[in-house]
Amino acid sequence: MTNAAASGTFRLGGDLPVVRLGYGSMQLTGYGVWGEPDDPAAAVRVLRRAVELGVDFIDTADSYGPFVAESLIREALHPYDGVCVATKAGFTRQGPHQWTALGRPEYLRQQVELSLRHLGVERIDLLQLHRIDPTVPVADQVGALAELRSEGKIRHIGLSEVSVADIEEATRTAPIVSVQNLYNVADRRAEDVLEFCEAADIGFIPWFPLATGELAKERGPLASMAGRHSASPSQLALAWLLRRSPVMLPIPGTSSVAHLEENVAAAGIELSDDEFEAIAKAA
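A brief structural summary. On a predicted model such as this, the values are computed, not experimentally measured, just so you know.

Quick notes on the rules
- Residues numbered from 1 in each chain as written.
- Predicted model: local features only at pLDDT ≥ 70, side-chain atom pairs only at ≥ 80, totals over all residues.
- Heavy atoms only, no water.
- Core = buried A, V, L, I, M, F, W, Y, C linked by side-chain atoms within 4.5 Å.
- Buried < 20%, exposed > 50% of the residue type's maximum accessible area, 1.4 Å probe, protein only.
- Pairing = 2+ DSSP bridges.
- Helix = DSSP H or I, 4+ residues; strand = E, 2+ residues; numbered from the N terminus.
- Phe/Tyr/Trp six-rings, centres within 6.5 Å; stacked < 30°, edge-to-face > 60°.
- Lys NZ or Arg CZ within 6 Å of the ring centre and 35° of its normal.
- Right-handed = clockwise from strand over helix to strand, strands pointing away.
- Polar contact = N/O pair within 3.5 Å; in protein donor to acceptor, adjacent residues only side chain to side chain.
- Contact = heavy atoms within 4.5 Å.
- Disulfide = S-S within 2.5 Å.

Attention now goes to the nonpolar core. Counting 65 residues, the largest nonpolar core has Leu 12, Phe 57, Leu 145, Phe 204 and Trp 240 as its most contacted members. Judged by nonpolar contacts, the second largest core, of 23 residues, contains Val 44, Val 68, Leu 72 and Ala 76.

Another aspect to go through is the sheet that holds strand E9 (residues 154–160). The strand order E3-E4-E5-E8-E9-E10-E11 describes an open sheet built from 7 strands, whose pairing is parallel. Strands at the two margins of the open sheet, each flanked by one partner only, are strand E3 (23–24) and strand E11 (203–207). Summarising the sheet, E9 and strand E10 (residues 178–182) pair through 3 bridges and their orientation is parallel. Looking at the pairing, Leu 159 lines up with Val 179 of E10.

All told, the structure shown has 4 aromatic pairs when counted by the stated rule. Summarising the aromatic geometry, the rings of Tyr 64 and Trp 99 are spaced 6.4 Å apart at their centres and angled 85° between planes, so their arrangement reads as edge-to-face. In this pair, Tyr 64 sits in the loop between strand E4 (57–59) and helix H2 (68–77) while Trp 99 sits in strand E7 (residues 98–101), placing the two residues 35 residues apart along the sequence. A residue is classified by how much of its surface remains accessible, and Tyr 64, at 6% relative accessible area, is buried. An angle of 65° between the planes, with centres 5.4 Å apart, marks the rings of Phe 91 and Trp 99 as edge-to-face. On the accessibility criterion, Trp 99 (30% relative accessible area) is partly exposed. Within the aromatic cluster, the residues linked to one another by ring pairs are Tyr 64, Phe 91 and Trp 99. Stacked on the ring of Trp 99, the Lys or Arg Arg 93 has its end atom at 3.8 Å from the ring centre.

A few words on the pairing of E10. On a regular strand, one side chain projects to one face of the sheet and the next to the other, so that they alternate. Most of E10 is tucked away, with 4 of its 5 residues classed as buried. Note on the crossover from E9 through helix H5 (residues 164–170) to E10: the handedness is right-handed. Alignment of E10 against E11, held across 5 bridges, turns out to be parallel. For Asn 181, the partnering residue across the bridge sits in E11 and is Pro 206. Handedness of the crossover joining E10 and E11 through helix H6 (residues 191–200): right-handed.

Covered by surrounding structure in strand E1 (residues 9–12) are Phe 10 and Leu 12 only, the residues Thr 9 and Arg 11 on the alternate face being uncovered. The sheet contact formed by E1 and strand E2 (residues 16–19) spans 4 bridges and is antiparallel. The residue of E2 that forms the bridge with Arg 11 is Pro 17. Count of turn residues in the E1/E2 antiparallel hairpin: 3 residues, of which Gly 13 carries a positive phi of about 65°.

We now examine the side chain of Gln 180. Position of Gln 180 relative to the elements: it lies in strand E10. Here Gln 128 takes part through its side chain, which lies 3.1 Å from a polar atom of the side chain of Gln 180.

With that settled, consider the environment of Ala 101. Tracing the chain through its elements places Ala 101 in strand E7. Spatially, the C-alpha atom of Ala 101 lies 5.4 Å from that of Asp 133, the residues being 32 residues apart in sequence. In this view, Ala 101 contacts Gly 90, Phe 91, Arg 131 and Asp 133; residues no more than four positions away in its chain are not counted.

This brings us to the state of the cysteines. Enumeration according to the criterion identifies 0 disulfides in this entry. Cys 84 takes part in no disulfide bond, and the closest cysteine sulfur, belonging to Cys 197, lies 16 Å away. Under the relative-accessibility criterion, Cys 84 is labelled buried at 2%. Using a relative accessible area of 0% as the deciding quantity, one classes Cys 197 as buried.

Have a look at this one:
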């Protein structure tokens with residue numbers, strides 16, 4: 001079985017090494033990322049299997065459930081033993097599929113304190129602002145996280161769904177070590193953000209990394225290459241992301257152990273230069 005460590009490592013903030021192929025926990029909750037999953041024990045098994053396979057970077061958020069994913073992570077993995085759990089704050093939840101950005105400093109502080117409790121830690125390795133609230137100055141939102149960092153409750157700060165201008169504005173208040181944006185083989189609208197992160201040595205965490213669109217259709221480039229590698233199109237999509245940039249930290253999520261094992265196996269796939277370029281051009 002391929003170990004996730006085959007994907008290599010990246011140092012968040014220059015001092016926090018993580019295996020580049022991580023795991024995203026959003027699918028461990030109930031329908032609409034709301035409430036408990038149908039089978040909490042199965043969710044715990046997935047998390048433990050991920051770590052057995054070498055994954056040491058787990059992405060979550062206070063809003064997944066809310067707090068359901070964080071609680072499952074604690075049940076499965078606490079006291080973590082070298083596993084980096086990155087969580088997020090900045091959304092309120094009103095029900096399934098409902099998300100409202102809220103970046104008031106007092107709210108962010110409250111949510112971080114709750115995440116500390118739900119994860120069972122004294123310091124969060126990576127706290128990402130889940131969304132920038134357009135009604136609150138960026139300096140106030142990032143400043144609240146910077147204060148928590150100075151208090152020893154956050155180690156590093158990241159952002160999610162931001163532009164290059166957003167990152168530049170945020171870094172005027174505090175160092176930013178990661179950016180989590182929508183990005184995959186079929187949707188590369190955040191290419192400029194990725195290039196900025198490469199230049200600044202900021203970790204880039206693509207969410208929805210397995211989307212392949214038309215590329216995976218029969219006779220499509222991913223489908224034809226998949227046969228040559230004895231792999232699935234989604235595995236090639238992950239291999240392409242890992243090859244695309246050394247700052248890329250994909251976090252494919254699943255509630256299935258079998259699917260998890262398939263995703264981790266992508267760490268061992270090496271695309272040739274021609275294959276990499278063919279996928280990029282086709283997309």
